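Here is how the chains run, residue by residue.
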Amino acid sequence: MSKKNRNMVDKVSESKAINLILPIRKPVDRFQEAFKFKNAKAIMKMAKPKKVDYEPFEVICERNKLTEKELAKRYRFSSVFALMALIAFFGWLGYGIIALAFKGDVIAFINCLATTFACAGIYFWNAVEAYCFRTRQTYSKLSFLSSIEHIIPNPFHEFAKVSVVEKDGIVAKKLNAFLLSRED
């Protein structure tokens, strides 16, 4: 052993540090140890996701006395507000970036960022609401992100209409249906 290495060994052996070898504990052991405490089982029950019974959209409409015209009107309003919030989102974001990049104004950028977050919240609220009115369901609200038709709602969307046609004393119902996509 060289003289340099021997000095290092002496320094290490003279130090007061103690190395301990501890057994590795499994996650199961940690859960069992946690259950020893008084309220741990109640806390674990609260942490589990709960199953929710969703009411059908028709039941919600009957309870609130909503007609097809009212639903179409609410869809138009929420889609218009979603589009306005989306435009405002990109406008304020652009203004904030320009203020920071060209003027160096950090305060204006922070104000624009706060307004951008508010616009994003308003957009998501109205886009989800428009999606629920268009698809007539409330159980999978975030699935509006699956299609560009739902991400950017169309305020001029035409809903299915039923009209009664009477011809030669025979009453027939005519259905004008507009599908969500070509695969339907």
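Check the entry above for the structure.
Residues numbered from 1 in each chain as written. Predicted model: local features only at pLDDT ≥ 70, side-chain atom pairs only at ≥ 80, totals over all residues. Heavy atoms only, no water.

Engineer: Explain the overall build of the protein chain to me, please; I cannot follow it from the model alone.
Structural biologist: Of regular secondary structure, the protein chain possesses seven helices and two strands. Starting at the N terminus and ending at the C terminus, the protein chain contains elements arranged as α-α-α-α-α-α-α-β-β. Across the protein chain, contacts joining residues at least 24 apart in sequence account for 47% of those joining residues at least 6 apart. (Helix = DSSP H or I, 4+ residues; strand = E, 2+ residues; numbered from the N terminus. Contact = heavy atoms within 4.5 Å.)

Engineer: Would you explain the pattern of salt bridges in this entry?
Structural biologist: Opposite charge on two side chains lets them pair, provided their charged atoms get close. Under the definition given, this model contains two salt bridges. The salt bridge involving E68 is made with R136; its shortest N-O contact spans 2.7 Å. Here the residue E68 occupies a position in helix 5 (residues 68-103), and R136 occupies one in the loop between helix 6 (106-135) and helix 7 (148-151), the gap between them amounting to 68 residues. Here E70 makes a salt bridge to R74, at a shortest N to O gap of 3.2 Å. (Salt bridge = Lys/Arg side-chain N within 4 Å of Asp/Glu carboxyl O.)

Engineer: How do you make sense of the packing of aromatic side chains when you look at a structure like this?
Structural biologist: Where two aromatic rings form a pair, the distance of their centres and the angle of their planes describe that pair. Evaluation of the coordinates by the stated rule reveals four aromatic pairs. Measuring from ring centre to ring centre gives 6.1 Å for F124 and F144, while their planes differ by 75°; the resulting arrangement is edge-to-face. Here F124 is found in helix 6, whereas its partner F144 is found in the loop between helix 6 and helix 7, with 20 residues between them in sequence. Aromatic ring contacts, followed pair by pair, group Y123, F124 and F144 into a single cluster. (Phe/Tyr/Trp six-rings, centres within 6.5 Å; stacked < 30°, edge-to-face > 60°.)

Engineer: Help me understand the side chain of Q137 in this model?
Structural biologist: Position of Q137 among the secondary structure elements: in the loop between helix 6 and helix 7. A relative accessible area of 7% means that Q137 is categorised as buried. A polar contact is formed between the side chain of Q137 and the side chain of T135, at a distance of 3.3 Å. With sequence-adjacent residues up to four places away left out, Q137 is seen in contact with F57, Y131, C132 and S143. (Buried < 20%, exposed > 50% of the residue type's maximum accessible area, 1.4 Å probe, protein only. Polar contact = N/O pair within 3.5 Å; in protein donor to acceptor, adjacent residues only side chain to side chain.)

Engineer: Whenever I open this one, the environment of P155 confuses me. Can you help?
Structural biologist: Relative to the helices and strands, P155 resides in the loop between helix 7 and strand 1 (161-167). Sequence separation of P155 and Y75 is 80 residues, and the distance between their C-alpha atoms is 7.2 Å. Those residues in contact with P155 that lie beyond four places of it in its chain are R76, S79, V80 and L83.

Engineer: What exactly am I supposed to notice about a nonpolar patch on the surface here?
Structural biologist: A cluster of nonpolar residues, F77, V80, F81 and M84, forms a patch on the protein surface that exposes about 380 Å² of accessible area. Tracing the chain through its elements places V80 in helix 5. Assessed through its relative accessible area of 34%, V80 is described here as partly exposed. (Patch = residues over 30% accessible without salt bridge, like charges linked within 9 Å, V, L, I, M, F, W, Y side chains within 5 Å. Areas by Shrake-Rupley, 256 points an atom, 1.4 Å probe, with all protein chains shown as cover.)

Engineer: Would you mind showing me how to read helix 5 here?
Structural biologist: Each full turn of the α-helix corresponds to 3.6 residues, which orients residues three or four apart in the same direction. In this model helix 5 runs 51 Å from its N-terminal to its C-terminal C-alpha over 36 residues, within 8% of the 52 Å that 1.5 Å per residue would give. For helix 5, every residue scored as buried is listed here: L71, A72, Y75, S78, S79, A82, A85, L86, G96 and A99. Each element contacted by the buried residues of helix 5 is listed here: helix 4 (57-64) and helix 6. (Expected span 1.5 Å × (residues − 1).)

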